[in-house]
Amino acid sequence: MKEYNTKQKESLLSFLRENNHASYTADELQKALPEVGKSTMYRLLAHLKDESLVSCSLKGRSRTYSYRKDGCIGHIHLLCRNCGRYIHLSESATEEILRIIASETGFTASKMDTEIKGVCRECLK
């Protein structure tokens, strides 16, 4: 099936790229991009998630979406529950955390789509 890049898709991707350290609900994205209709927004987000261009998380009862940078696999992400900031942990820190988990529990965690939720430094101030 041929892939189309619509103006709405480009607008959404551009917004998410420019704000790649934050996560947004579909409603927040739709308010930021009023030219993208609500049903189109949900359809685009599902498609972009399938393409691994955005990741989806839960913040309370809402799904939040954030842009996945090139090479944004293979490391843990930190998600602030207050502001939605999305922090990319280094690969070396990820490997160390996964090693500790395996050592202490015998559990082998996947570094694909792994998130730790908490509160970022800015929100703690």
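On a predicted model such as this, the values are computed, not experimentally measured, just so you know.

1. Notes on the sheet that holds strand β4 (residues 86-88)
Line of reasoning, step 1. Overall, mixed pairing links the 3 strands, which are arranged β4-β3-β5 in an open sheet. Edge positions in the sheet fall to β4 and β5 (115-118), since each has one partner strand and no second. For this sheet, the mean angle separating the axes of adjacent strands, direction not counted, is 25 degrees.
Line of reasoning, step 2. Here strand β3 (residues 77-80) runs beside β5; their pairing, made up of 4 bridges, is parallel.

2. Points about the confidence of the model for the protein chain
Line of reasoning, step 1. For the protein chain, per-residue confidence averages 85 on the pLDDT scale, and 91% of positions sit at 70 or higher.
Line of reasoning, step 2. Within the protein chain, the element-level pLDDT minimum falls on strand β1 (residues 54-59), averaging 78, and the maximum on helix α2 (residues 26-32), averaging 94.

3. Structural notes on the pattern of salt bridges
Line of reasoning, step 1. As enumerated under the stated definition, the model contains 4 salt bridges in all.
Line of reasoning, step 2. Put simply, D27 and K38 hold a salt bridge, and the shortest N to O gap is 3.2 Å. Of this pair, D27 sits in helix α2 while K38 sits in helix α3 (residues 38-50), and the two are 11 residues apart along the sequence.
Line of reasoning, step 3. Given a relative accessible area of 35%, D27 falls into the partly exposed group.
Line of reasoning, step 4. The exposure class assigned to K38 is partly exposed, which follows from its relative accessible area of 46%.
Line of reasoning, step 5. Note that E122 and K125 form a salt bridge whose closest N and O atoms lie 3.5 Å from each other.

Conventions we followed
Residues numbered from 1 in each chain as written. Predicted model: local features only at pLDDT ≥ 70, side-chain atom pairs only at ≥ 80, totals over all residues. Heavy atoms only, no water. Pairing = 2+ DSSP bridges. Helix = DSSP H or I, 4+ residues; strand = E, 2+ residues; numbered from the N terminus. Axes fitted to C-alpha atoms, helices over the stretch in contact; angles between N-to-C directions. pLDDT = per-residue confidence, 0-100. Salt bridge = Lys/Arg side-chain N within 4 Å of Asp/Glu carboxyl O. Buried < 20%, exposed > 50% of the residue type's maximum accessible area, 1.4 Å probe, protein only.

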